[in-house]
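Observations on the three-dimensional arrangement
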Amino acid sequence: MDFKNKYLKYKKKYMELKKLEQSGGAGKKSNEHTKAMFMFTDASSVYSKYDKKYNKHDKGYVILGPPGIGKTTFVRNQSGKKKDWIDQDDLFKDLGVKWHFNMKNEKDFQLNYLRADYMSEQTRSLGYRIIGALFWEFKADAIVLLPLDLHKKYLSKRKDLNLKIVLDIRNYLSEHAKKNKIPIFDSIIDATKYLENL
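Here's a quick rundown of the structure. None of the values given here were measured: they were computed from a predicted structure.

Scoring rules and cut-offs
- Residues numbered from 1 in each chain as written.
- Predicted model: local features only at pLDDT ≥ 70, side-chain atom pairs only at ≥ 80, totals over all residues.
- Heavy atoms only, no water.
- Helix = DSSP H or I, 4+ residues; strand = E, 2+ residues; numbered from the N terminus.
- Buried < 20%, exposed > 50% of the residue type's maximum accessible area, 1.4 Å probe, protein only.
- Areas by Shrake-Rupley, 256 points an atom, 1.4 Å probe, with all protein chains shown as cover.
- Arc of directions from axis to C-beta.
- Contact = heavy atoms within 4.5 Å.
- Axes fitted to C-alpha atoms, helices over the stretch in contact; angles between N-to-C directions.
- Left-handed = near helix turned anticlockwise from the far one by under 90°.
- Nonpolar A, V, L, I, M, F, W, Y, C, P; charged D, E, K, R; others polar.
- Pairing = 2+ DSSP bridges.
- Core = buried A, V, L, I, M, F, W, Y, C linked by side-chain atoms within 4.5 Å.
- Polar contact = N/O pair within 3.5 Å; in protein donor to acceptor, adjacent residues only side chain to side chain.
- Parallel < 35°, antiparallel > 145°, perpendicular 65-115°, else oblique.

1. Overview of the overall build of the protein
Helix and strand counts for the protein stand at eight helices and five strands. Mapped from its N terminus to its C terminus, the protein presents α and β elements in the order α-α-β-α-β-α-α-β-β-α-α-β-α. In the protein, buried positions account for 47% of the 198 residues. A total accessible area of about 11,100 Å² is found for the protein, and carbon and sulfur atoms account for 52% of it.

2. A closer look at helix H8 (residues 188–196)
The set of residues buried in H8 consists of Ile188, Ala191, Thr192 and Leu195. Projection of H8 onto a plane perpendicular to its axis shows the buried side chains occupying an angular sector of 95°, all on one side. Residues of H8 that are buried sit in contact with strand S1 (61–64), helix H3 (71–76), strand S2 (85–87), strand S3 (129–132), strand S4 (142–144) and strand S5 (184–185).

3. A closer look at the packing of helix H6 (residues 148–156) against helix H7 (residues 163–180)
Viewed as axis vectors pointing N to C, H6 and H7 meet at an angle of 145°, and their least axial separation amounts to 11 Å. Between H6 and H7 lies a crossing whose hand is right-handed. Touching Leu148, His151, Lys152 and Leu155 of H6 are Leu163, Val166, Leu167 and Arg170, all from H7. Class assignment of the residues belonging to the contact of H6 with H7 gives a composition of five nonpolar, one polar and two charged.

4. Overview of the sheet that holds S2
With parallel pairing, five strands are arranged side by side in an open sheet as S2-S3-S1-S4-S5. Both outer strands of the open sheet, S2 and S5, are each paired with one neighbouring strand and no more. Two elements, S1 and S4, share two bridges in a ladder whose sense is parallel. Within the sheet, the bridge partner assigned to Leu64 lies in S4 and is Ile143. Along the sheet face, helix H4 (residues 88–95) touches S1, S2 and S3 and points at about 65° away from the line of S2.

5. Details of the nonpolar core
The nonpolar side chains of a soluble globular protein tend to be buried, and buried together. Of all hydrophobic cores here, the largest spans 45 residues; its most connected members are Ile63, Leu91, Phe92 and Leu95. Considering each element in turn, this core owes the most residues, five residues, to H7. Those residues in contact with Ile63 that sit more than four places away from it in its chain are Trp85, Ile130, Ile131, Gly132, Ala142, Val144, Ala191, Thr192 and Leu195.

6. Digging into H4
Along H4, the residues that are buried comprise Gln88, Leu91, Phe92 and Leu95. Buried residues in H4, looked at end-on, bunch into an arc of 95°, giving them a common side. Contacts from the buried residues of H4 go to helix H2 (44–53), S1, S2, helix H5 (106–125) and S3. N-capping of H4 is provided by Asp87, with a side-chain oxygen placed 2.9 Å from the backbone N of Asp89. Of the residues flanking the end of H4, it is Gly96, one or two places downstream, whose phi is positive at about 80°.

7. Notes on the packing of H4 against H5
Where H4 contacts H5, the axes come no closer than 11 Å and their chain directions differ by 105°. Considering their axes alone, H4 and H5 lie roughly perpendicular with respect to each other. Residues Gln88, Leu91, Phe92 and Leu95 of H4 pack against Ala116, Met119, Ser120 and Thr123 of H5. Residue composition of the contact of H4 with H5, grouped by class: five nonpolar, three polar and no charged.

8. Focus: unusual backbone geometry
Positioned with a positive phi, Lys181 is a non-glycine residue whose angle comes to about 55°. Checked against the element boundaries, Lys181 lands in the loop between H7 and S5. Note on Lys181: relative accessible area 74%, which makes it exposed.

Structure below.
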């Protein structure tokens, strides 16, 4: 199973766990203890590497969006010697955020995504701007949901993505945006322009 399919499988499980939690059933499925034993370490060497490729700003931002909307393509197509927006997947890999660690365990599953929230907040606080899909309850600065027909067109070219799971993620992000009063945009460009002009 490739990385994208694993990610989608985990995201689907996450949404199922959130529904279970809301119905009062979370934590009752398994008595297995967490296997996570991570520690906080100095990430300055990782951020130093990113300083050479990406601009730091007076204010950092985080944009979230479901798979298949062109986040990676957008990041790669930025012009200039130093780019403004960082691909969350690349950064988190370098920071050691293992969001797929022991995913069968509910506690580890939650901890994986809570680490993603922590690293998103840390990165934003340092003045970086990132775009990605990994979060637990993180309040992003913007969420991008392409018009459904366009998103389905993009997804038709992605054999590594499951349409039903991506549509579930879209719905969850829409609910998350409404709950947290996060602005929703129908393109990455519109979201970045809005944030860059705040």
